Amino acid sequence: MKSLFITGTDTDVGKTYVAAGLAVTLRKMNIDVGIMKPFAAGSPQKTGFKSEDVEILSRAGQISDPENLVNPQFFKMSASPYTASKNLKIPVKVSSVLLSFKKLSKKHSMLLVEGMGGIMTPILKNYFVANLIKEMKLDALIVTRTRVGTINHTIMTCQMCKKYKIPIRGIIINNFDTDGYQLKTLKRDLKSLTGIPILGTIPYIENLSDTALFKSFKKNINMNLIIK
Ligand SMILES: Nc1ncnc2c1ncn2[C@@H]1O[C@H](COP(=O)(O)OP(=O)(O)OP(=O)(O)O)[C@@H](O)[C@H]1O
Ligand SMILES: [Mg+2]
């Protein structure tokens, strides 16, 4: 089973909830799934996990790995690792991320790694999310949305994966926008323009509980292509 790097066309596109939905579904398929968020950013939560993303992912995967292994670096500023590190004057810990990744990969049958922002989010000067995926030797899963502009963002993401020779497992369309393309039209055009399989679409989910995510993912996502 090959691990996956969950990237997206932008920040706030649904990477965390897609990764959480996959984590619950894989767990229910009796697959030992691990999760990772190499770099997280924002205001630390007051209780429990510092990172909300890590909390959502850990709960979904019923993970017992410590937060500092799952998320080796947390920046108290909502920005790319590059910008946060410059502003906060804290060095970016890429080697610690790669070490944690190695440990977690050994520990679990399949690891879901959630990226930060999009494919070209800077981590260091001349070192982007794409470089990290490449060093981890992972396939990418692209989360996209339906709002107009998504075709441009999806094509750019696919083109960058191609440039960095990152295999793309597929695209998941998070259909949570209230406006934008009709799903049928978007699927048709993304498929023909990128040549990448669409693994499914997720509707707007009112209550993003693990039960609701599982129900939706079981119905809407081609899990056979996820566990390839
Ligand atoms: N299918 C959905 N149904 C309802 N709401 C959703 C859905 N997907 C995402 N959302 C909402 O959109 C917000 C952003 O989603 P999410 O946190 O998964 O994005 P992200 O890509 O992980 O962002 P980041 O780049 O900050 O990690 C969430 O807080 C959630 O409330
Ligand atoms: Mg997230």
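Procedures and definitions
- Residues numbered from 1 in each chain as written.
- Chains lettered and ligands numbered in written order.
- Predicted model: local features only at pLDDT ≥ 70, side-chain atom pairs only at ≥ 80, totals over all residues.
- Heavy atoms only, no water.
- Buried < 20%, exposed > 50% of the residue type's maximum accessible area, 1.4 Å probe, protein only.
- Helix = DSSP H or I, 4+ residues; strand = E, 2+ residues; numbered from the N terminus.
- Contact = heavy atoms within 4.5 Å.
- Near = heavy atom within 4 Å.
- Polar contact = N/O pair within 3.5 Å; in protein donor to acceptor, adjacent residues only side chain to side chain.
- Areas by Shrake-Rupley, 256 points an atom, 1.4 Å probe, with all protein chains shown as cover.
- Nonpolar A, V, L, I, M, F, W, Y, C, P; charged D, E, K, R; others polar.
- Salt bridge = Lys/Arg side-chain N within 4 Å of Asp/Glu carboxyl O.

(A) Quick peek at helix H9 (residues 210-220). For H9, the full list of buried residues reads Asp210, Leu213, Phe214, Ser216 and Phe217. Of the surrounding elements, those touching the buried residues of H9 are helix H1 (15-28), helix H2 (52-61) and strand S10 (198-203).

(B) Spotlight on the site of ligand 1. Taken together, the neighbourhood of ligand 1 is formed by 18 residues, with Thr11, Lys15, Thr16, Asn174 and Ile205 sitting nearest. Within the side chain of Thr16, one N or O atom sits 2.8 Å away from an oxygen atom of ligand 1. Residue Ile205 places a main-chain N or O atom 2.9 Å away from a nitrogen atom belonging to ligand 1. Here ligand 1 has 630 Å² of accessible area as a free molecule, and 78% of this is covered by the chains. Elements with a minimum of two residues in the shell around ligand 1: H1 and S10. It is H1 that contributes the most residues to the shell around ligand 1, 3 residues altogether. In terms of residue class, the shell around ligand 1 is built from 8 nonpolar, 5 polar and 5 charged.

(C) Local environment of the pattern of salt bridges. Across all of its chains, the model carries 9 salt bridges by this definition. Two residues, Arg59 and Asp210, come together in a salt bridge whose shortest N-O distance is 3.4 Å. In this pair, Arg59 sits in helix H2 while Asp210 sits in helix H9, placing the two residues 151 residues apart along the sequence. Relative accessible area serves as the criterion here: at 42%, Arg59 is assigned to the partly exposed category. For Asp210, a relative accessible area of 16% translates into the label buried. Across the pair Arg169 and Asp139 runs a salt bridge, and its minimum N-O distance is 3.1 Å. Of this pair, Arg169 sits in strand S9 (residues 168-175) while Asp139 sits in strand S8 (residues 139-144), and the two are 30 residues apart along the sequence. Residue classification places Arg169 among the buried positions, given a relative accessible area of 5%.

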